[in-house]
Amino acid sequence: MSLELVPIGTILAVLTNQVLKTAQAATDVLIEKESFKVLSKHLFNIEPVLKELQLQTLNDSQAARRTLEYLEEDVKKANNLVEKYKNRSRFYLLFNCRHIVKEVQEVTRDIGRSLAALSIANTELLTGISDQVNRLQNEMQRVEFEASQSKIKIVDKLNQGINDAILDQGFANDMLEEIAMAVGVPVEPSEISKELENLRKEKEETADRKERAEAFFLEQVIELLSRADAARDFEKVKEQYAQRVQVIERYDTSREYITPLKTFYCPINQTVMVDPVSLCTDTTCERAAIKAWFDRGGRIDPVTGDLLEDFTLRPNLGLRQSIEEWREINYCLKIRSSKEKLLSGEDLSVEAALSQMQDLIRENSINKDWIAIGGLTGIIVPILGSCHNKDVKRNILITLKDVVEGHPRNKEKVVESQGLDHIIPCLGRDSSISKAAVELLYELLQDKSGWNVSICRKLSQTCSAILFLATLLKGPVRESAEKAEKILMKLCDEDEENISRAARADWYKPLIDRIIQGSESSSRISMVRTLVNMELVDQNLMLLGKEGVIPPLLEMVSGKVESQDASLSALVKLSGCHENKGLIAAEGGVTIIVDLIVSPHTRSTIIARCCEVLEKLTSDDGIEFLVDKNGNQLEIEQIIKNLLAFLQSPNSSNIVLRPALRALLGICKSGAMFIKTAVLTANGVSLILPLLDGSDPEIREIAINLLSLFTQHEPGGVVEYLFKPRRLEALVGYLENGDKADVQMAAAGLLANLPKSEVSLTMKLIEVDGLNALISILRSGTMEAKENALTALFRFTEHTNLDSQRKVVELGAYPLLVKFLRVDSVTAKARAAALIGNLSTSSPKLAVVSKRARCSCFRSSCVPLCSAHGGVCSVITTFCLLEAGALPLLVKLLHDEINATAYEAIQTLSTLVREESPHRGARVLHNADAINPILDILNWGQGSLKEEALVLLEKVFTVREMVENYGSVARLRLVDITGRINIEDGHFRRKAARVLALLDRYSGFDTSSLATGLNG
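Just so we're clear, the structure is a prediction, and the values are computed from it rather than from any experiment. (Residues numbered from 1 in each chain as written. Predicted model: local features only at pLDDT ≥ 70, side-chain atom pairs only at ≥ 80, totals over all residues. Heavy atoms only, no water.)

Concerning the pattern of salt bridges
Then step 1. Counted under the stated rule, the structure contains 49 salt bridges.
Then step 2. A salt bridge links Glu-256 to Lys-341; the nearest nitrogen and oxygen atoms lie 3.2 Å apart. Here Glu-256, found in the loop between helix H11 (234-248) and strand E1 (276-278), pairs with Lys-341, found in helix H13 (residues 317-344); they are 85 residues apart in sequence, far enough to count as distant.
Then step 3. Put simply, Glu-954 and Arg-994 hold a salt bridge, and the shortest N to O gap is 3.1 Å. With a gap of 40 residues between them, Glu-954 in helix H53 (residues 943-956) and Arg-994 in helix H55 (residues 986-1003) connect regions that are remote in the sequence. (Salt bridge = Lys/Arg side-chain N within 4 Å of Asp/Glu carboxyl O. Helix = DSSP H or I, 4+ residues; strand = E, 2+ residues; numbered from the N terminus.)

Written as structure tokens, this is what we have:
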């Protein structure tokens, strides 16, 4: 119908509708969307122009109708273009992307030119929107479109491959994947089959249009892409395999190979052809071989020698198909043979089968399908679990990786065959097996989109997977460790429980990452709780701190209650490691914790956690880490007062008191000055004593430990407390409790600190078996407890209390004291020597009693008398140290040249030399070779020890015999000492002068002037 017969208003309405329809359709084209999108936008912008013309009553002139006619024709072209490409094969559209872009560009420019003509013909009517119209038509006429560079690269690569006759499997797989991804088609056999079928239809339509070049190109593309793994329809693959199996059934089962026909060989390189092409002389050669022939200048038929007039190469499709069938039959023969070898169960046969399978996969990827269809995958997976041959295991893992690589169906097959259960234990084998296992596992977990989530979840359900993978991280093979870490990271991303499992396997990276990078969420708190619940050794704790977990934990301390509790619990655990204590302090953590403790808004549970951290910080290290982030010491006295303040508050629960007291104990153990602060400034003893009456056993035990320290400075009030009903018995109970070594030590220390003048306490302790408990500690306690018990025994060995001394000896303490003279502890040796000295002080009077008894008519003439005490002595009756065998050990303490032990040994040896009869004791010391080491003390000993040596020597040298034996040596030592002594040491010099005077009495040497000078 002529436009002149149609009202111009109707023409405008129809044109407007056509423009909108085309604009909408352009948005649905699947390729080169950006170009069609611009076209659509411009068409939508034309609609207001046409509507404006309708509103202004367009003049029905010949020029107006002509411009509308041009615009309508151009819009129809655009619509035809959209319809042409809207429902075409996506692969086809990609291959033609350059041409499509040019077409869109031209039609857009044509519409722009028609719009410009329309604008000129109707200038007056379009005055209101003239700027808009001018801008639109200018943009459309100048538009330039370019095809996507990524798509152009794919098309160029495809063209180059076809021109170079690259038909191998790898190239086909790569091209298909790139093409599919470019046009948004999933790389799945079903989807790829549809696209290839659509492409075949495009080829047929192209052939129908007599477009031979394009039809030939599409045929080559289809042939290439059909070789790709994803292009295979599995049902057809199974059908093809079944056909080949039927063929090999006519061959004996021992047959593994059928020789190729002579026509299969290339006459140039004498190998079976892959891509046979025919020359104009009908000679067939391998494409690559004949092209190389031509490249070397060959211009004749390589077989007949005839001169070639045409160098065109024609694919010999029939021969190629025959060769492919021959190869496929041989594949099936090898698969059948491999199956029999696998079923034999013999290692050598299994190895041969695996080698065959690997060769098959290298030759053609279709064998990945056929191996699975033939049942080989289901056979080798169980062999992997049952075989003990290392080489067989490794080769099974390698073969399975070849079978599943890039093959989703085979991956599922391996997993369904319980493959994960057999692969995972291989991760814990030697490095060659574990490397093959982790590579197979990594491949199983991959799919086209990245990770196969379904298999990842199945792997997570395998209990030992995380442990074995975490172990690989520490292995010697870097590649295995890298693969294992990637798998672990993915498993941890999929399931937070795997983060906990990894941490329990000593791999903390994902746990630390979640804590560091997470916000104050339930997930972050969950990760911190995981850390708290783990059993960690110092090495693990140090690693966590080094990896940066402490700063985010301190950040969480400032959060909500749940966050505070979780982070503080983690800090309690981490602060058990010395290195982490420094990190907490350096981050200002101690200040944060101390501030929380004193804040009136802090909940009791959080205060308890803070005190636990404080306790760990002070344990073994005292106040070293009680510093701010700049390393400045905090106010320790105030911290002590704050901790003791909890004891005064009626609202303080045991969950707060326990850690607060332990923290206080840690601080006080670090130095006497802090004990004084707690005792004198904060009245610590009176605050701690009531805790012994509490119901919480742990608090009572901590209180004992604190009192053991406090009573070193202020024992007041403790004795009165112990005399209250059942209090002393409770203390003895702690002495008897060997299961709590620290409490036992503290209880003994507490007794050691109490005044010895409290005789009533001493006797009461004997009455309630306290003495027996102390002696038991000497037998089986820790060395620290033994040292305190030895100190506590001094109250029972006072020479003024013979009854308590006798009780000590009767309970078997003496032999134990002698044994302590041999131990490594200097403190224990010194205290044991002093206790023996206390007992020995009573020996003379006990020996005198015995001597009187010997004067009776019942005296036995054959009982020997003690060389030291002159009576009948024994350990039990007279506490004689000679009878106890202590003398040689005491002398040895002098030879050891340790001031503390030598001092007590000297004092104890002095008890043998009595003023009324010094000759006995002197001879005993002489016979024990004790005199010379006593003289040696004048050379090496400290002042107080030297004085004690001089006191003993003064008694010894009252005996003439001793002067004769040791006078010359003693004189030299004494003269040398007196010559070097400062004038301020007058007391010491007078002692030395007295000893020299004794030597002079028996030697005839006049020392009176020296003595006068010294005394003056």
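Observations regarding the environment of Leu-531
Then step 1. Here Leu-531 lies in helix H26 (residues 522-533).
Then step 2. Once the C-alpha coordinates of Leu-531 and Lys-955 are considered, the two residues, 424 residues apart in sequence, prove to be 70 Å apart.
Then step 3. Not counting the four nearest positions on each side in its chain, Leu-531 is found in contact with Leu-511, Ile-515, Leu-536, Leu-544, Val-549, Ala-570 and Lys-573. (Contact = heavy atoms within 4.5 Å.)

Quick look at the packing of helix H14 (residues 347-363) against helix H17 (residues 390-404)
Then step 1. Close contact between H14 and H17 brings their axes to 10 Å; oriented N to C, the two are set at 25 degrees. The orientation of H14 relative to H17 falls into the category roughly parallel. Crossing angle aside, the handedness with which H14 passes H17 is left-handed. Contacts between H14 and H17 involve Asp-347, Val-350, Glu-351, Leu-354, Met-357, Gln-358 and Ile-361 from the former and Asp-391, Val-392, Asn-395, Ile-396, Ile-398, Thr-399, Asp-402 and Val-403 from the latter.
Then step 2. Each residue belonging to the contact of H14 with H17 can be placed in one class, and the counts come to 8 nonpolar, 3 polar and 4 charged. (Axes fitted to C-alpha atoms, helices over the stretch in contact; angles between N-to-C directions. Parallel < 35°, antiparallel > 145°, perpendicular 65-115°, else oblique. Left-handed = near helix turned anticlockwise from the far one by under 90°. Nonpolar A, V, L, I, M, F, W, Y, C, P; charged D, E, K, R; others polar.)

Some thoughts on H17
Then step 1. For H17, spanning 15 residues, the distance from its first C-alpha to its last is 21 Å, which sits close to the expected 21 Å at 1.5 Å a residue.
Then step 2. For H17, every residue scored as buried is listed here: Val-392, Lys-393, Asn-395, Ile-396, Leu-397, Thr-399, Leu-400, Asp-402, Val-403 and Val-404.
Then step 3. For H17, the secondary structure elements touched by its buried residues are H14, helix H15 (366-373), helix H16 (376-386), helix H18 (408-416), helix H19 (419-426) and helix H20 (431-444).
Then step 4. Its side-chain oxygen at 2.9 Å from the backbone nitrogen of Asp-391, Asn-389 defines the N-terminal cap of H17. (Expected span 1.5 Å × (residues − 1). Buried < 20%, exposed > 50% of the residue type's maximum accessible area, 1.4 Å probe, protein only. Polar contact = N/O pair within 3.5 Å; in protein donor to acceptor, adjacent residues only side chain to side chain.)

As for the sheet that holds strand E3 (residues 314-315)
Then step 1. Strand order across the open sheet formed by 3 strands is E2-E1-E3, with antiparallel pairing between neighbours. With one partner strand each, in any of the chains shown, strand E2 (284-286) and E3 form the two edges of the open sheet.
Then step 2. Pairing of E1 with E3 involves 2 bridges; the strand directions are antiparallel. Residue Val-277 lies in a different strand from E3, and its bridge partner there is Pro-315.
Then step 3. Sitting on the sheet, helix H12 (residues 287-295) touches E1, E2 and E3, and the angle it makes with E2 is about 90 degrees. (Pairing = 2+ DSSP bridges.)

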